[in-house]
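A look at the structure
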Amino acid sequence: MVRSRRRPDLMDPSTLAQLGGVELVAREVVEGFLMGLHRSPHRGFSAEFAELRMYQPGDDLRYIDWRMYGRSDRFYVKQFEEETNLRAYLLVDVSASMGWSSDPPALPTKLWYARHLAAALSLILLRQGDTVGLSAFHDEVVDRLPPRGGRRQWHELVRRLSGLEATGGTQAQTALRELAVRLRRRGLVILLSDLLVDPEQTRTALRFLRHRGHEVLVFHLLDPGERELPAAADARFVDPETDAELQVSVADVRSEYRAAVTDALAEWERSLRPHGIDYEVVDTGRPLSLALRAYLRKRERLG
Amino acid sequence: MSFLSPWFLLAATAVAVPLALHLFHRHESRRVVFPALRYLLRTEKEHARRIRLRQLLLLLLRCAVVVLLALAGARLVVSGRGAAHPPTAVVVILDNSLSSGRVLGEDRVLDRLKAAALDGLAAATPEDRVWVLRAGEPWDVAVPATPDEARVRIRTTEPSGARGDLQSAVRRARQLVADADMAAGEVHLVSDLQASGFDPTPRETPEAEGADVPVVVWAGLEAGPADNRYLLEAEIGGGLPPLANRRTEIAVTLAGGDPQGGEVPVRLFVDGRVRGAAAVVPGAAAVLPVGPFPPGWVEGYVEADPDALRDDDRRWFAVPVRPPPTVALSGDAGVFVSSALDVLTDAGRARVGSPASADVLLAPAGAGLDAVPDARRVVLAPADPSLLPAVNRRLADAGLDWRLRADAGGGEAGIAESAVPVELDAVRVRQRYLLEAPAGTPGTVLVRLSDGTPWIVAVNGGRAPLLLVGSPLDDQASSLPVDAAMVPLVEWIVTGWGAGGVRAPTQVGGALPLPSAATEVETPDGTRLPVDGSLELRTTRLAGIYRAFRGDSLLELLAVNPPVSESMLAALTEDEAEARLGEMAWVDNPDRWSRETFTRRQGYESWRILLALALVLLLLETWVAASGGQRRSSATPVPSPS
C-alpha cells in the first residue's frame, strides 16, 4: 500500500514546527526539498567514490551501480566525494525583534524560521561537501562557529542554532564589520535577519563584505504582521528593542504604513542588487522551500 | 426653515461622539509590541500632514453625517411651498344640500364640489385627521378619518334633498378642530354658497371655541342660471282634510323660473296613478279636482316637468279621509254658532249628534266638559263675567291648568298672529278674557290679539285636545260672528282641528313628528326604521311619503317635501359670506385653492435628501478611510517574498 506523505519542505512553518527539533526538521525539509528536484545537481560527482545510496526518481541513470543491481535486484546509485570548493558563513540575527510573532503560537517567530532555514541550508551545504560556519549577533557577535565540513560540524551547528535566544538590540553593522574582518577566506555569506537595523550602515557593511570578495545572500525575514498593521483601532506601538513608543490611529495610517513597508523593501532591493548582493524577502508564514530555492539559484550562479 | 419634529434635534448632540473619539480616545488605547516600529515612524514622518488632514476630513465627515441624520429625524422643512405640513385637523364641509343636485352642463353641482373637496385634500398626509361633514345631512355623525377614508366618504356622497345649514356646519367644524388638539387645523367649506344655507341676516355671534380656526371657502363654482322653477305648494282641500266620498281639490302653485317662458305641464298622481294634469305659468296656481275617496289615507304627488334642479319639481301629500264629524253642543252657544253649524250640516260637512257620540263638543262656558272626556272639546268664553269662576272650576275638574281671567285690557283689538287657516284679519275683538296658565303648562296660542293677549289656545294636556276661545261668539264681543270668516272658522274647528287637521308637510332634513304609538317608520326608499313614538324622526333624508306603523298596523302617512328655500337659488357674495362666517379665505380659482388649503405648509420636507446626503458622506468617509497607500503602491515596485 502506498502512503502519500506531504513533503516537509512545502509545509507551513506552523505545521513544520510540530514535527520536532531543529535537526529533524532540517533533515526532513532538505530530504523533501532534494527529492522534489528532478535531479540532484548539487551532489558532488567527482572521481573519488564515496558511497552507494538507493536510487531516487530523477537520479542520473549513468550512475546506477549495475553490479549491485545484479547482486541485490535493487537499484543503487554511486556517489562520489566532491572536493570542497565553497566556504559558507551563516549570519543569524538574534536581536529581540527576531523573537516576535504576529500570531503566536500559530505563526512561529522570525528566529525560529531563521534557525530552521539556517539548519536546512547547512545540511545542503554540508552534503555538497562545503564547509559551513555560523555567527549569531545582535549588537555584538554572541556566538561563532568556524566553518568546517562533515557530520560533526552538522551536529554542532544544530546544537548552536538550538541554543540561540532573541535578546538585545540590533546594531548589525557593528557585527557585520567585525565578521567581515574575521572572514579572511572568500566564501558565501548568508545573512538571515529581519533587517530592523540602521539601513545605511548595514548596507555599507554588506557592501564591505562584497568588497572583500564574498558572495552575499540576504534573507530578509518578514512576519506577515509586519506587512499589515494589526486590526486594532488606536494603539500605542512599542519597539521591543528600544522601548520607543508611538501612538497611532491604525485606521488612519494603515494604507500609508503598507506603502512604507513596500518602499522600505524596494529600497533594500535597489540598494543591494546593483552591488551583486542577492536579496530575498522571506515571509515567515510561507514554506522553507521557497527560501531554499533562492539559495539554489544563488548556488547555481556560483557554479 | 423649520422642523416638524424639533425634539429630534437633540440627537445632534451625538456629534460629540466623533469629537470625543478624535480628541480623547487615542490616549486610552492599548499597548502593542511591534518590532517594525521604524516603518510606522517613517509613515508618520512622511505622511504626518496628510494623515492629520485626512483625520480632520474624517472628523468633519462623521460630524456632518450625525448632523444630517439629526436634521432628517427632526424633519427639516426648507422654506417655500411644498407638501410638508404639521399634523393637521381638517374638516371638509361638503354641501350636499338639495341645490347641489342642480345640473350644470354635463355635471351636477355636487360632482364639481366633490372634485374641489378632493383637490383640497391632495396635500393631506396620513398624519392628518380629516372629518367630512355633509351639510345636507346635519344628523350625520362626525367621525375622524384618514385622508384616504375621507376621500372615499367624499366620493360616495350624494345630494340629500335637505337644506344645508352651512353656518351651523362651520361652527361645528371649528369646534371639532379646536377639540382635536393638533398642531394645526383648518376648515374647508366646499359649497355652492346658496343664501338658503345661511341665516338671512348677519348677526353677531358670541366668541366660540375654535373661532380662530381658519376657514377656506371654495367659491370657484360658476353661477349658472338662477331662475330655477319649482313647485311651491300642493294644498289639498284648502287645508281641511277631505271627507269620505266627497270630491275635493288640490291647489298647485308653481314658482320661480321665467314667467315669460310659457306654461309648464303639471301632473297629479294619486296612489301611483295620474289623476289630473294642468298647464301652469310660473308664479300662478292651478286647482285640480280630485276624489271622491273612501275613508282611509290618500297619498300622492304633484310634479312639473324637470329643469336643472329636479328634486324640487315634485311635491308630496298624504291626508286622512274621514266621514263628516259629529258635533254636539253642551249649552247655549248663541245664534251665530248654531247658524254656522246649520250651514255645515246642510252642506254635509258635519253632523249634529248627542254629546255622548260626538267627535267635537262645543261647550259654552265649559258646560259638560266632564261628560265627554274623549271628544275634542271647544270651550267658549261666557258673555257674563260672573260665570268665570264656574268655567275655571270646570276646567280644573277636567284636569286642565288653563284659566280665564276678566282683567284683560279694554278697548278693541285686532288679530296680530294666527295659525288658523282662516282669514281673520278683519276681525275686531271688543270683549275678551285673559287666557293664562302656569309656566310650563302645555298649550299653543293659535290666535293672538294685537295687544299681545292669547285669544284662541289649543291645549293637548288632558285626555283629549281642547280649544279655548277667549271671547263669546256673539256680535257684542267681536265682529267675528258677522264676519265672512265665521263659518270657515267653525268649519275648521269642526272638520279641521276637530278631525285632527291636515298635518303640514315636513321639510327634508327636518324633524318628523310621529304618532305616539309608532314603533316603526318606513322611509320612501322602503327602509324600515325602529322608532320611539314619543320622539321625532330626525333622519328625513329623502322626500316622499313616510309610513308610521305600530307593529304591522299602519298608523299614519307623513309627507316630507323638499325645503322651498333651497329652490330659491341665490349665491352669496364674498362680503355677505364673510359677514356670516367671520374671517375666511375666499378662493375662486383652482390654483389658489391648492395653495390656500393646508395653510400651515412650511415648504419642502427634506429628510429624503438629507438621508441620501448622509449616505453619500458615509460612503465618502469609507473611501477616505480606506484610501491612501494604494496610489503610491501602484507607482512603486513591490518586492515579493521568495
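Note that the structure is predicted; figures quoted are calculated from it, not measured. (Residues numbered from 1 in each chain as written. Chains lettered and ligands numbered in written order. Predicted model: local features only at pLDDT ≥ 70, side-chain atom pairs only at ≥ 80, totals over all residues.)

Our focus in this paragraph is the overall build of chain B. Helix and strand counts for chain B come out as twelve helices and 35 strands. Look at the contacts in chain B between residues 6 or more apart in sequence, and 74% of them connect residues 24 or more apart. (Helix = DSSP H or I, 4+ residues; strand = E, 2+ residues; numbered from the N terminus. Contact = placed C-beta atoms within 7 Å.)

On to the pairing of strand S16 (residues 314-321) of chain B, then. All names here are of chain B. Within S16, seven of the eight residues are buried, which leaves it mostly tucked inside the rest of the structure. By the bridge criterion, eight bridges tie strand S15 (residues 296-304) to S16 in an arrangement that is antiparallel. Residue pairing in the sheet places Gly 300 in a bridge with Phe 317 of S16. (Buried ≥ 20, exposed ≤ 12 C-beta atoms within 10 Å, placed from the backbone. Pairing = 2+ DSSP bridges.)

Scored by pLDDT, chain A has a mean of 80; 83% of the residues are at 70 or more. Across residues 38-47 of chain A, where pLDDT falls below 50, the model places 23 contacts with residues more than four positions away in sequence or in other chains. (pLDDT = per-residue confidence, 0-100.)

On to the sheet that holds strand S24 (residues 444-449) of chain B. Residue and element names in this part refer to chain B. Judged by pairing direction, the sheet is mixed, and its eight strands sit side by side in the order S18-S17-S19-S20-S26-S25-S24-S22 without closing on themselves. Only two strands of the sheet have a single neighbouring strand rather than two, namely strand S18 (351-352) and strand S22 (415-418). Direction of pairing for strand S17 (residues 326-329) relative to strand S19 (residues 360-364): parallel, over a ladder of three bridges. The residue bridging Val 327 from the neighbouring strand is Val 360, located in S19.

All names here are of chain A. With an omega of -5 degrees, the peptide bond between Pro 104 and Pro 105 qualifies as cis. Mapped onto the elements, Pro 105 comes out in the loop between strand S3 (87-93) and helix H4 (110-127). A positive phi angle, close to 60 degrees, is found at Asp 243, a residue other than glycine. The topology assignment puts Asp 243 in the loop between strand S8 (234-238) and strand S9 (245-249). Under the C-beta neighbour-count criterion, Asp 243 is labelled exposed, with 9 such atoms within 10 Å.

This next bit is on the sheet that holds strand S7 (residues 215-222) of chain A. Residue and element names in this part refer to chain A. Taken in spatial order, the six strands line up as S5-S4-S3-S6-S7-S10 in an open sheet, and their pairing is mixed. Across the chains shown, the open sheet's two edge strands, defined by having one partner strand only, are strand S5 (141-148) and strand S10 (278-283). Adjacent strand axes in the sheet meet at a mean angle of 15 degrees when their direction is disregarded. Across six bridges, S7 lies against S10 in parallel orientation. When the bridges of S10 are listed, Leu 217 appears paired with Asp 278. (Axes fitted to C-alpha atoms, helices over the stretch in contact; angles between N-to-C directions.)

Residues and elements named next belong to chain B. Contact geometry of helix H1 (residues 16-24) with helix H2 (residues 37-73) gives a least axis separation of 8 Å together with a crossing angle of 160 degrees. With respect to each other, H1 and H2 are oriented roughly antiparallel. Taken as a pair, H1 and H2 cross one another with a handedness that is right-handed. Here Pro 18, Leu 19 and His 22 of H1 lie close against H2, whose contacting residues are Gln 55, Leu 59, Arg 62, Cys 63 and Val 66. (Parallel < 35°, antiparallel > 145°, perpendicular 65-115°, else oblique. Left-handed = near helix turned anticlockwise from the far one by under 90°.)

Judged by nonpolar contacts, the single largest core of 82 residues is most densely connected at Leu 90, Ala 120, Ile 190 and Leu 192 of chain A. Ranked by the residues each element gives to this core, the list is headed by H4 of chain A, at 13 residues. Of all hydrophobic cores here, the second largest spans 58 residues; its members include Val 378, Leu 395, Val 459 and Leu 489 of chain B. (Core = buried A, V, L, I, M, F, W, Y, C linked by C-beta atoms within 7 Å.)

All right, on to helix H9 (residues 574-581) of chain B then. Residue and element names in this part refer to chain B. Among all positions of H9, only Ala 577, Arg 580 and Leu 581 are buried. Projected down its long axis, H9 carries its buried residues within an arc of 85 degrees, all on one side. Taken together, the buried residues of H9 touch helix H5 (166-180), strand S9 (215-218) and strand S34 (585-587). (Arc of directions from axis to C-beta.)

Our focus in this paragraph is the environment of Ala 585 of chain B. One can find Ala 585 of chain B in strand S34. Ignoring anything within four residues of it in the chain, the contact list for Ala 585 of chain B reads Pro 214, Val 216, Val 217 and Glu 596 of chain B.

Residue and element names in this part refer to chain B. Counting buried positions along helix H8 (residues 486-497) gives eleven out of twelve residues, so the element sits mostly inside the fold. Within H8, the full set of buried residues consists of Met 486, Pro 488, Leu 489, Val 490, Glu 491, Trp 492, Ile 493, Val 494, Thr 495, Gly 496 and Trp 497. Buried residues in H8 make contact with S17, helix H6 (335-346), S19, strand S20 (376-380) and strand S26 (466-469).

Residue and element names in this part refer to chain B. Model confidence for chain B is summarised by a mean pLDDT of 83, while 90% of its residues fall at 70 or above. Below pLDDT 50 for its whole length, residues 628-642 participates in 35 contacts with residues either more than four positions away or in separate chains. The ipTM, which scores confidence in the relative placement of chains, is 0.75 for this predicted complex, and the corresponding pTM is 0.52.

All names here are of chain B. Mapping Val 67 onto the fold places it in helix H2. A residue is classified by how many C-beta atoms lie within 10 Å of it, and Val 67, with 18 of them, is partly exposed. Placed 543 residues apart in sequence, Val 67 and Leu 610 show a C-alpha to C-alpha distance of 9.5 Å. Ignoring anything within four residues of it in the chain, the contact list for Val 67 reads Ala 12 and Val 15.

As a further point, take the pairing of S9 of chain A. As paired strands, S8 of chain A and S9 of chain A are joined by five bridges and run antiparallel to one another. Paired with Arg 236 of chain A across the strands is Gln 247 of chain A, a residue of S9 of chain A.

Residue and element names in this part refer to chain A. Contact pair H4 / helix H5 (residues 151-162): the axes reach a minimum separation of 10 Å and the direction vectors enclose 175 degrees. What the angle tells us is that H4 and H5 run roughly antiparallel. In this structure, H4 contributes Arg 115, Ala 118, Ala 119, Ser 122, Leu 123 and Leu 126 to the contact, and H5 contributes Gln 153, Trp 154, Leu 157, Val 158 and Leu 161. For the contact of H4 with H5, the residue count by class is eight nonpolar, two polar and one charged. (Nonpolar A, V, L, I, M, F, W, Y, C, P; charged D, E, K, R; others polar.)

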